[in-house]
Amino acid sequence: MKMSDMIADMIMDMFDDQTSSVQIQRNDLANQLGCVPSQINYVITSRFTPEAGYRIESRRGGGGYILITRADSKSNAITSLINGIGDCIDERTARTHINNLCYHDIIDKKTALMMSSALMDSNYKGMLQRDANVIRARQLKQMLLAYIN
């Protein structure tokens, strides 16, 4: 089993039916698993993402921690993603978010295909790239909001 899988599994095991948040001491977890703290960071930023239904907070310095909060519903996971999109988004990043939502069974495959099709660069021909990315972000947010409702 890969080290990143072991880290992710250990963090997932910290969650239970009554716990929607876990607090991790990065150095302690790294020592426990025999890895470097940057591997913990990598797993958290790549697997515990807003589109997967998680929110991450961290406090640096002595006694610092990482707090991982799991969304308690698909709506909360989508809302977290909407809040994290920002004012503009390129096609590749939008498609990645949509694919992750589908992978985590937050949206279905047909919805993912429709969203991806609507956000393709070819739909914004003749526009400045910055303007297209601003409109794409607005459209993605609106589609996600419509999906929740």
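This text follows the structure it describes.
Residues numbered from 1 in each chain as written. Predicted model: local features only at pLDDT ≥ 70, side-chain atom pairs only at ≥ 80, totals over all residues. Heavy atoms only, no water.

Engineer: Explanation requested: the nonpolar core in the structure shown.
Structural biologist: In a soluble, globular protein the nonpolar side chains are often hidden away together inside. Within the largest apolar cluster, 19 residues are counted, with the highest numbers of intra-cluster contacts made by I78, I85, I98, L101, I107, L140 and L144. Residue assignment for this core shows that the elements contributing at least two residues are α4 (74-85), α5 (91-103), α6 (109-118) and α7 (129-148). At five residues, α4 tops the list of elements feeding residues into this core. Counting 18 residues, the second-largest nonpolar core is a separate cluster that includes V22, A30, L33 and F48. (Core = buried A, V, L, I, M, F, W, Y, C linked by side-chain atoms within 4.5 Å. Buried < 20%, exposed > 50% of the residue type's maximum accessible area, 1.4 Å probe, protein only. Helix = DSSP H or I, 4+ residues; strand = E, 2+ residues; numbered from the N terminus.)

Engineer: So what exactly am I meant to see when it comes to the pairing of strand β3 (residues 65-70) here?
Structural biologist: Two faces belong to every sheet, and in a regular strand the side chains alternate between them. Examined bridge by bridge, strand β1 (residues 21-24) and β3 share four bridges and lie antiparallel to one another. Among the inter-strand pairings, Q23 is bridged to a residue of β3, identified as L67. With six bridges connecting them, strand β2 (residues 54-59) and β3 associate as antiparallel partners. Bridging across to β3, S58 finds its partner in I66. (Pairing = 2+ DSSP bridges.)

Engineer: Which parts of the structure should I look at to understand the side chain of T49?
Structural biologist: Among the structural elements, T49 can be located in the loop between α3 (37-47) and β2. Residue classification places T49 among the buried positions, given a relative accessible area of 11%. Apart from residues lying up to four places away in sequence, T49 is in contact with I44 and Y54. (Contact = heavy atoms within 4.5 Å.)

Engineer: Looking at this structure, how should I read the packing of aromatic side chains?
Structural biologist: What describes a pair of aromatic rings is the distance from one ring centre to the other and the angle between the planes of the rings. For the structure on display, the rule yields two aromatic pairs. Their ring planes at 50° and their centres at 6.0 Å tell us that F15 and Y54 sit as a pair that is tilted. Here F15 is found in the loop between α1 (3-14) and β1, whereas its partner Y54 is found in strand β2, with 39 residues between them in sequence. An identical accessibility class is assigned to F15 and Y54; each is buried. Plain terms: the ring middles of F48 and Y54 are 5.0 Å apart, the flat faces sit at 75° to each other, and that makes the pair edge-to-face. Judged by its relative accessible area of 3%, F48 is buried. Y54 sits in the buried class, given a relative accessible area of 11%. Taken together, the ring pairs in this structure connect F15, F48 and Y54 into an aromatic cluster. (Phe/Tyr/Trp six-rings, centres within 6.5 Å; stacked < 30°, edge-to-face > 60°.)

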